[in-house]
Amino acid sequence: MQLINIKHPEDRVSFSQAVLQGLGRDQGLYFPESFELLPDVPMLLKEDFVSRSALILHHLIGDEISRSRLEQIVASAFDFPVETPALDHSVRALELFHGPSLAFKDFGARFMAQCLAEFHDGGPMTILTATSGDTGAAVAHAYYQQPGIQVVILYPRGKITPLQEKLFCTLGGNVHTIAVDSDFDACQQLVKQSFEEPELKRELGLNSANSINIARLVAQVCYYFEAAASVSDVRQTVFSVPSGNFGNVTAGLVARAIGLPYKRIIAATNANDTVPRFLDSGEWDPNPTVTTITNAMDVSLPNNFPRVLELGSRHGLPLRSLLSSFSLDDNQTRVAIRELYARGYLADPHTALAWAALDREVKEHEEGVFLCTAHPAKFLEVLEETLDVVVPLPPELEAVRHEKILSSTIASDFDALKQELAALH
Ligand SMILES: *Cc1c(COP(=O)(O)O)cnc(C)c1O
C-alpha cells in the first residue's frame, strides 16, 4: 500500500511507516494514493467474516504482511461476533459492540495493536493515550498481554462513569492507568508534552495509538461487507452512521471505493453539526463543541473529514449523491430511543440517533442498515432516564463490576507523569 500525506502529496510512505508514524508532516493525514476494485465482490460476500476480512485487508494493504500472517492477525483481532438482526423487512441493525470494550472501536484498536506488534522492531514500545472514556477501554483491551508493549492511559479522575472505569482500570499487567486530577484536555496536554520530549520518546518508544491511524481505518472497512452479505439487495442499501470524528463514515466510503456497490451513506451527527452545515452551504464554519447525550460524537472539528474530501477529489467518488449528513438534537435522540424500544430494540443513544436519521431518509424501495456503535449498557444512565427500564449488564461488565480499580492518581503535572513513566522500566 502506497500512502500519501494529504497535506504534502509528495510525501509517500508504506503501510508500516504510516502505522508506526501515525501522522505525517504538518499533522497531515496519511491516505492511500489510489484504490483498486476488488475482483469479485459477490464471491467475497459468500465468505465468513474473518476470511473475507483477511481478503479485503490483503487487497488494501498488499504484500507488506503475508496472506497467512494477515489471516492470523485478523482472526485474533476480530475474535468476537458481528450481528445483523433485522428490525423489519427493510431495516437492519449492524451490531459492532460485541467486543471486549463493548463499542465498535474494538475493531480498529485491536487490528492496529496487532499491526504495531508485527512492525515493532523489538525495542521498547509504550502506547501513551488520553481518553475521555471509550477509546481507553478499546486500547487497553487491544494491547493487554501483548508481549513487549506497555500501555499507559490517562483519564480525568471522576469524570468518566464508574462502569467505564471498571472496564479498563482493572486489567493490570502491562496496562497502566492513571487518573489525572483535572479534565480531559489536561490529560491530552500531558500526552502531547511527552511526545515533545525526544529523549523520553526514544527511551520508551512512545506511540499514541491515535484514532487517525490508518490501521484503525482499514479495519473498519470490513464490517460494511458483513452488512452487505446480510441484505437482500446491496445496490438498494443505504447505511446510516452515527458520526463524530468521521472515521467510520470514511471507512464506509473506502468500502465503496474498492467496489462495494451500496447506494448511499448517511452521516448522522448530534448538535455538533459542522459537516451537515458544510454540505448544505459549502462553508466550513465550526461552532464551539456542545455536550450532548451522544458524547462520543461531541466533536466540532472532525479530524477524518479531509479524508472524506480526498475520496471525492482524488479518488472520484460522487460524494454529492453518495453522502448526506443530518443533525439530530438530544430530544430527537430520546424520541428515537423510545420508538426503537417500542419496536422491541434497545439501542444506545448513538445508535438510536443513526436509526432516526435513516428512518427519516430511507425511501420506499430502499433497504436500510444503521450502525450500532455501542452496547446499550454502556449508556445505561441515559437509557434508564429515557425509558423507565432497568438495563441488564452484559457479562463483560458484570465480570468487572466488583473488581478493584488499579489506577494511580496524579496531579495535572508533567513531572508527576514522568515519574510514573520512569517506574515502567
Ligand atoms: C467514537 C464513537 C462514534 C463516532 O465515530 P467516528 O468514527 O468518530 O465518527 C460513534 N458512536 C460511538 C459509541 C463511539 O464510541
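Per chain, residues are indexed from 1 in the order of the written sequence. Only residues with pLDDT of at least 70 get local features here, since the model is predicted, and only at 80 or more are side-chain atom pairs given and counted; chain-wide, interface and lining totals rely on the full set of residues. Excluding hydrogens and water, the side-chain values take into account all heavy atoms of the structure.

Asks: For this particular structure, what's the right way to read the site of the ligand?
Replies: Here a residue counts as near a molecule or strand whenever at least one of its heavy atoms sits within 4 Å of it. Around the ligand sit 15 residues, and of these K105, G244, N245, F246 and T373 come closest. Within the backbone of G247, one N or O atom sits 3.2 Å away from an oxygen atom of the ligand. In the environment of the ligand, a nitrogen atom lies 2.9 Å from a nitrogen or oxygen atom belonging to the side chain of T373. Burial of the ligand by the protein amounts to 95% of the accessible area it has alone, namely 380 Å². The residue inventory of the shell around the ligand, partitioned by class, reads six nonpolar, seven polar and two charged. Identification of polar contacts relies on pairs of N or O atoms within 3.5 Å, with a donor-acceptor requirement for protein atoms, meaning one able to donate a hydrogen and the other able to accept it, and with residues adjacent in sequence counted only if both atoms are side-chain atoms. Residue-level accessible areas treat just the shown protein chains as cover; the underlying method is Shrake-Rupley with a 1.4 Å probe. Amino acids outside the nonpolar list (Ala, Val, Leu, Ile, Met, Phe, Trp, Tyr, Cys, Pro) and the charged list (Asp, Glu, Lys, Arg) are all regarded as polar, and Gly is one of them.

Asks: Would you take a moment to explain the sheet that holds strand β12 (residues 367–372) for this structure?
Replies: Within a sheet, neighbouring strands are paired by backbone hydrogen bonds and run either parallel or antiparallel to one another. At least two DSSP bridges between two strands are required for those strands to pair. Counting from the N terminus, the helices are the DSSP runs of H or I reaching at least four residues and the strands are the DSSP runs of E reaching at least two. If you walk across this open sheet you meet the five strands as β4-β12-β9-β10-β11, and the pairing is parallel. The sheet is open, and its two borders are formed by β4 (91–95) and β11 (323–327), each paired with just one other strand. Taken pair by pair, the neighbouring strands of this sheet meet at an average axis angle of 25°, ignoring direction. Of the strand pairs in this sheet, strand β9 (residues 237–242) and strand β10 (residues 264–269) are connected by five bridges, and their pairing is parallel. Its bridge partner being in β10, V241 is matched across the sheet by A267. Any two residues having at least one pair of non-hydrogen atoms within 4.5 Å are treated as being in contact. Interaxial angle, 0 to 180 degrees, is taken between N-to-C directions of lines fitted to C-alpha atoms, where a helix line uses only the stretch in contact. Most of the contacts of helix α16 (residues 349–361) go to β12, to which it runs at about 165°, and overall it touches β4, β9, β10, β11 and β12.

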